[in-house]
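# Summary of the model geometry
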Protein chains: 2
Amino acid sequence: MLKLSKKADYALMALQYMATVQYGEMNAFNIHRVVNTKEIAEEHLIPLELLAKVLQTLAKHEMIESQNGPKGGYVLAREPGAISIAQVLEAIEGPLGIADCYHEKDDHAACDQMEHCNIRTPLLKVQESIVQLLSSMSIEDMMAEPPLIIVESRKPEGVQL
Amino acid sequence: MLKLSKKADYALMALQYMATVQYGEMNAFNIHRVVNTKEIAEEHLIPLELLAKVLQTLAKHEMIESQNGPKGGYVLAREPGAISIAQVLEAIEGPLGIADCYHEKDDHAACDQMEHCNIRTPLLKVQESIVQLLSSMSIEDMMAEPPLIIVESRKPEGVQL
DNA sequence: TTAAGTACGATCATATAAGTCGGAGTTAGG
DNA sequence: CCTAACTCCGACTTATATGATCGTACTTAA
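Right, let's walk through the structure included here. Source: prediction; values computed, not measured.

### Points about the overall build of chain A
Across its full length, chain A carries five helices and three strands. Secondary structure elements of chain A, listed N to C terminal, follow the sequence α-α-α-β-β-α-α-β. Within chain A, the fraction of its 161 residues that count as buried is 50%. Pairs at least 24 residues apart make up 60% of the contacts formed inside chain A by residues separated by at least 6 positions. Accessible surface computed for chain A: about 8300 Å², of which carbon and sulfur atoms make up 50%.

### Description of the protein's contact with DNA strand C
Around DNA strand C, 22 residues are found, and the nearest of them are Thr37, Ser66 and Tyr74 of chain A together with Lys6 and Pro70 of chain B. Take the atoms of DNA strand C that sit within 4 Å of the protein: sugar and phosphate atoms are 64% of them. In the environment of DNA strand C, a phosphate oxygen lies 2.7 Å from a nitrogen or oxygen atom belonging to the side chain of serine 66 of chain A. Side-chain polar atom of tyrosine 74 of chain A to a phosphate oxygen of DNA strand C: 2.3 Å apart, as the coordinates give it. Looking at the surface near DNA strand C, the elements that each hand over two or more residues are helix H3 (48–60), strand E1 (64–67) and strand E2 (73–76) of chain A together with helix H1 (6–23) and helix H3 (48–60) of chain B.

### Overview of the protein's contact with DNA strand D
Around DNA strand D, 22 residues are found, and the nearest of them are Lys6 and Pro70 of chain A together with Thr37, Ser66 and Tyr74 of chain B. Each atom of DNA strand D within 4 Å of the protein was classed as base or backbone; sugar and phosphate made up 66%. With respect to DNA strand D, the side chain of lysine 53 of chain B contributes an N or O atom lying 3.0 Å from a base nitrogen. A distance of 2.3 Å is found between a phosphate oxygen of DNA strand D and a side-chain nitrogen or oxygen belonging to serine 66 of chain B.

### Structural notes on the environment of alanine 41 of chain A
Residues and elements named next belong to chain A. Its place among the elements puts alanine 41 in helix H2 (residues 37–44). Taking the C-alpha atoms as reference, alanine 41 lies 9.0 Å from tyrosine 10; in sequence the two are 31 residues apart. Ignoring sequence-local partners within four residues, the contact set of alanine 41 consists of Ile46, Leu48 and Leu51.

### What to know about the pattern of salt bridges
Residue and element names in this part refer to chain A. Taken as a whole, this structure holds two salt bridges over all chains when the rule is applied. Glutamate 39 is the partner of arginine 33 in a salt bridge, and the nearest nitrogen-oxygen pair spans 3.1 Å. Taking the relative accessible area as the measure of exposure, arginine 33 reaches 39% and is therefore partly exposed.

### Observations regarding the pairing of strand E2 (residues 73–76) of chain B
Residues and elements named next belong to chain B. Of the strand pairs in this sheet, strand E1 (residues 64–67) and E2 are connected by four bridges, and their pairing is antiparallel. The residue of E2 that forms the bridge with serine 66 is tyrosine 74. Adjacent in sequence and paired antiparallel, E1 and E2 are bridged by five residues, among which glycine 69 carries a positive phi angle near 80°.

### With respect to helix H5 (residues 120–136) of chain B
When the terminal C-alpha atoms of H5 of chain B are compared, their 24 Å separation across 17 residues agrees well with the 24 Å that a helix rising 1.5 Å per residue should span. Considered for burial, the residues of H5 of chain B that qualify are Arg120, Pro122, Leu123, Val126, Gln127, Ser129, Ile130, Leu133 and Leu134 of chain B.

### A word on the environment of valine 131 of chain B
Residue and element names in this part refer to chain B. You can see valine 131 is positioned in helix H5. Taking relative accessible area as the criterion, valine 131 reaches 25% and is therefore assigned partly exposed. For the pair valine 131 and glutamine 87, spaced 44 residues apart in sequence, the C-alpha to C-alpha distance is 9.9 Å.

### A word on unusual backbone geometry
Of note, the phi angle at leucine 45 of chain A is positive, near 55°, even though the residue is not glycine. The exposure class of leucine 45 of chain A is partly exposed, given its relative accessible area of 44%. Phi is positive for lysine 71 of chain B, close to 60°, though the residue is something other than glycine. Mapped onto the elements of the fold, lysine 71 of chain B is located in the loop between E1 and E2.

### Some remarks on the packing of H1 of chain B against helix H4 (residues 85–93) of chain B
Residues and elements named next belong to chain B. Between H1 and H4, the shortest axis-to-axis distance is 9 Å and the interhelical angle comes to 135°. Here H4 runs oblique to H1, going by the angle between their axes. In this structure, H1 meets H4 at a crossing whose hand is right-handed. For the pair formed by H1 and H4, the contact residues are Lys7, Ala8, Ala11, Leu12 and Leu15 on the first element and Ile85, Val88, Leu89, Ile92 and Glu93 on the second.

### Quick notes on the side chain of histidine 44 of chain B
Tracing the chain through its elements places histidine 44 of chain B in helix H2 (residues 37–44). A distance of 3.3 Å separates polar atoms of two side chains, one belonging to histidine 44 of chain B and the other to asparagine 118 of chain A.

The rules behind the values
Residue positions are counted from 1 within each chain, in the order its sequence is given. Chains and ligands are labelled sequentially in the order written, the chains with letters from A and the ligands with numbers from 1. Side-chain atom pairs in this predicted model are given and counted only at pLDDT of 80 or more, local residue features only at pLDDT of at least 70, and totals for whole chains, interfaces and linings cover all residues. To obtain the side-chain values, all non-hydrogen atoms of the structure were used and water was disregarded. Helix and strand labels come from DSSP, where a helix needs a run of H or I of at least four residues and a strand needs a run of E of at least two; each type is numbered from the N terminus. Per-residue accessibility, obtained with a 1.4 Å probe over protein chains only, is compared with the maximum for each type, and a residue is labelled buried under 20%, exposed over 50%, and partly exposed between these values. Any two residues whose heavy atoms approach within 4.5 Å are treated as being in contact. Per-residue accessibility takes into account occlusion by the displayed protein chains alone, with areas from the Shrake-Rupley method and a 1.4 Å probe. By convention in this text, a residue qualifies as near a molecule or strand provided that one of its non-hydrogen atoms is within 4 Å of it. Under this definition, polar contacts are N or O atom pairs within 3.5 Å; protein pairs additionally need one hydrogen-donor-capable and one acceptor-capable atom, and for neighbouring residues in sequence, both atoms have to be side-chain atoms. By convention in these notes, a salt bridge is any Lys or Arg side-chain nitrogen within 4 Å of a carboxyl oxygen on Asp or Glu. Two strands pair if DSSP finds at least two bridges between them. One less than the number of residues in a helix, times 1.5 Å, gives the span that helix is expected to have. As a rule, the C-alpha atoms of each element are fitted with a line to give its axis, helices using only the stretch in contact, and angles between N-to-C directions run from 0 to 180 degrees. Under this scheme an angle from 65 to 115 degrees is roughly perpendicular, one under 35 degrees roughly parallel, and one over 145 degrees roughly antiparallel; angles in between are oblique. Less than a right angle of anticlockwise turn of the near helix away from the far helix marks a crossing as left-handed, whereas a clockwise turn marks it as right-handed.

Listed below in structure tokens is the structure:
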């Protein structure tokens, strides 16, 4: 339940790796070394072909920039702090929502039970919280593993329903 | 992404319905009327057989109590406020986690990349937040649709990583 | 010119989810 | 004590999403 797909995992791993290579302690001068798919795949034991597609998707969504030809590869398109987890997940898996009918836009979404659905509103709030949480975290927060990230999530006491 | 399964949806709908019938405004005297599967299925346009299995699962996890024979059906096993969303989801879909290897118990879980995984720790924190959020909400919070539930979820400023 | 890389679409395999079916066990009411 | 209305349970089928692979075309540094 609530599991991330492998693709999403791979995307996050790759971005974390690229961020560390480009912006980590090992690189005090911020030399934006281009890293290629093979390097990442071998480093993390990820199927090469699959990772390639993931990176292509990330490139299409302008989170990384591709560089063709030999010595080519990918570079982060912006600073790690400017790439949120939510953005990554949306790029890979489409709009994130707890259920299909929970995207503000598609109010007509594929849900026959719509009119008989008694849980939509409360779940929308849950979803909102999760999205907010994922939006508040960036690739930067995943650098320098093992990290210590403190995240709070709570329902305030005494809220009127 | 992060989508709930239909079964989970059905479970929540059913519980919300049962809660409303048993504890809602319509029932100031808390008469614990037994509701049967058919009634819930028709009310929410849910496939009868599937809902039946969902309810059986909930009963096995002691969130509802079954009553056999004609005029039989189900009753909430405890007050709506004592049934958290997290409990329901876990009952239906097993332990909730953002990835397979993120359950404290199975440290040996099926993840070949374990040793090369650079995102485990941060994602564990994310997961923790989500679980906490889902644990803080109960069926009671879903009653009286359309409700207004205010949930906050944030990463405090100035946290050191 | 060529080898090392990305780009992209088609395809296959597999896992999970969704839904169905048939039969067995209970029990209120006649 | 019989029957109809329920729950219970497991096996089965189907649909859909995911994971992974393949082939090929495009780009470019050396």
